[in-house]
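Descriptive analysis of the structure
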Amino acid sequence: MKDLRKHLEERALTLRRHTIRMIGKAQSGHPGGSLSAADIMAVLYFHKLNIDPKKPDWPDRDRFVLSKGHACPVLYAALAESGFFPVDELLTLRTLGGRLEGHPDMRKLPGIEISAGSLGQGLAVANGMALAARLDGRKARIYVLMGDGECQEGEVWEASMFGAHHKLDNVVGIIDYNNLQIDGFVSDILEIQPLKEKWESFGWHTMEIDGHDVMAIVEAFDAVESIKGRPSMIIAKTTKCKGVSFMENKAEYHGKAPSGDELEKAMEELSCIEMIEPDNKEGC
Amino acid sequence: MKATRQAVAPTLIEMGKENPNIVALDADLAESTGLNKFGKEFPDRFFDCGVAEQNMMSTAAGLAVSGKTPFVGSFTVFTIGRAWDQLRNVVAYADLNVKICSTHSGVSVGEDGSSHQPIEDIAMLRALPNMKIIVPADFYEAREALKASVEIPGPVFIRLGRPKMPQVYDDDYSFKFGKADVLKAGKDLSIIATGLMVRMALDAADMLQQDGIDAEVINMSTIKPLDEATLIESARKTGRVLTVEEHSIVGGLGGAVSETLSEKLPTPVTRIGVKDRFGTSGPYQEVLKYFGLTPENIVKTAKEALL
């Protein structure tokens, strides 16, 4: 177990390093929600998801839906590290002619299960995938990562009712609860609490965990597998921009790229230099 | 007399028997769209989503991306209006195989009034990349368009109407997606019509004939992609075009025809439709008349255009 923790923490650090490098190079993108979700993404892509990068369309695969599409840098990093496309391509984020769109485009890049960008839709898309899996008798599980601010979208609650009504126990939702949205703290802009009670009252099996404790994430994903007859929602308490001290818990870094000295400092904190080949320091 | 929406239930049930990947979703209007009958036949493959159209559209996207062919049904004000972002940012953007069998289109919705009378849907959908738009002229064309839609990759919008109307075609009609149908050849004027206005355009052409005006009548049931070749050929022959639609004159068939001809064969165009205003309550025959959507007004407008 200790080895698994170490392994997943290292993978999460790698995802954070990629995220900062990509966004730093592009000087555009959303670091906040990518960094807060890095541990969740590491557990999904390097431990939990039953996927095969050599067969991205394999019908029995698990699905991962990134409903908060703006956090795609961490998804791109996870896909590249999983072997869906070359790691070098990460530095083409948001460039003209590149495949790494500002928000994910399933028609451009292998491994993207659904295009996203407009909040509130992913859970409903996941429900559709779950219905299809049920109709086809497939054991695939559908994981969907949402934002906390995203829970302000009405469609989330339409989908919540639908998932419970259809007893979609093959759907696992994860809310990256960093309590920040673009305009400020979620609790100041439009409070979503009591969140656990909301999901429970909508008929979902609901858990609250520390979203930066990789083993807690592993255990939560394992635990919800035994829940039958209703979908599961894991509320993961996180810190926006987790891993870069001066960016942590600041709304301004929701969608702002660190530049100049800030970028250098962020790279330093994440020891980015260690992961870069000597002849490829352009991204620094 | 049959309504285009009446084609939904029998056609989908027939297709559903042969194609297990066809599924259907509705948003609490399944009796009106006819999808409740599909649900009775295939209870596992029908999902009434309740009064939640946005969720319905995104759920359809999830089904489509998993290899299903979902038919999404509701009234057009809701399929397009309420679920626009879902249609734009997932279904159309990702070019997903979602078929929208959208009923209660245009002002012929009648009594329910303006809130339920979409007159802007074609304009909105024309501007959406990857979207295909079919406006069947009658029950038979609706039936064939629904069948054809399964073979057309990506999203297809099929604009269906509420009222029972006289037919244009018969049981043997063969629909060709993307191909306009020249119903009557003529040399003086091209009447390009769509949806329930096609029958009226034919009736108007008969009346014009009695007055010595030889009008060509074209059913432009596929609005996107537009059959530009047939349009241009007709405009070249007659030199005068009249468009007729149960939709706003802004951005619909009239807009599509004007844009095409302006660039490729500048020709005077007159548009009959709803003139940039909302609809109104009333029995559908009276509402259609109120908006000038009658054979008589087509005749009058054609004569004015030819002065």
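Residues numbered from 1 in each chain as written. Chains lettered and ligands numbered in written order. Predicted model: local features only at pLDDT ≥ 70, side-chain atom pairs only at ≥ 80, totals over all residues. Heavy atoms only, no water.

**Points about the domain arrangement of chain B**
Residue and element names in this part refer to chain B. Looking at chain B, the domain boundaries give domain 1 (4–158) and domain 2 (181–305). Of the roughly 2100 Å² buried between domain 1 and domain 2, counting both surfaces, carbon and sulfur atoms make up 54%. For domain 1, the biggest contributors to the area lost against domain 2 are V107, I119 and R126; these three give 32% of the whole. A salt bridge links E259 to R126; its shortest N-O distance comes to 2.7 Å. The tally of links between domain 1 and domain 2 comes to 20 residue pairs in polar contact (both at pLDDT 80 or more). Of all the secondary structure elements, the ones that give two or more residues to the side of domain 1 that touches domain 2 are helix 7 (121–126) and strand 5 (132–134). (Domains from an automatic or database assignment. Buried area = accessible area lost by both parts, 1.4 Å probe. Salt bridge = Lys/Arg side-chain N within 4 Å of Asp/Glu carboxyl O. Polar contact = N/O pair within 3.5 Å; in protein donor to acceptor, adjacent residues only side chain to side chain. Helix = DSSP H or I, 4+ residues; strand = E, 2+ residues; numbered from the N terminus.)

**Some words on the packing of aromatic side chains**
Summed over all chains, the structure comprises eleven aromatic pairs over all chains. Arranged with centres 4.9 Å apart and planes meeting at 50 degrees, the rings of F38(B) and F42(B) form a pair that is tilted. Neither F38(B) nor F42(B) differs from the other in exposure class; each is buried. Looking at K55(A), its charged tip hangs above the ring of W58(A), at a distance of 5.4 Å from the centre. The side chain of K2(B) reaches across the aromatic face of F139(B), ending 3.9 Å from its centre. (Phe/Tyr/Trp six-rings, centres within 6.5 Å; stacked < 30°, edge-to-face > 60°. Buried < 20%, exposed > 50% of the residue type's maximum accessible area, 1.4 Å probe, protein only. Lys NZ or Arg CZ within 6 Å of the ring centre and 35° of its normal.)

**A short note on the environment of P53(A)**
Residue and element names in this part refer to chain A. Structurally, P53 is set in the loop between helix 3 (38–48) and strand 1 (63–66). Of the residues examined, P53 reaches a relative accessible area of 25% and is grouped as partly exposed. Non-local contacts of P53, meaning those with residues more than four positions away in its chain, are made with S82, G83 and F84. (Contact = heavy atoms within 4.5 Å.)

**Focus on the sheet that holds strand 5 of chain B**
Residues and elements named next belong to chain B. Taken in spatial order, the seven strands of this open sheet run 2-1-3-4-6-5-10, and their pairing is mixed. Looking along the sheet, the strands with just one partner apiece sit at the ends: strand 2 (46–48) and strand 10 (222–224). Strand after strand, the sheet turns through a mean of 20 degrees between neighbouring axes, direction not considered. Pairing of strand 5 with strand 10 involves two bridges; the strand directions are antiparallel. The residue bridging I133 from the neighbouring strand is K224, located in strand 10. (Pairing = 2+ DSSP bridges. Axes fitted to C-alpha atoms, helices over the stretch in contact; angles between N-to-C directions.)

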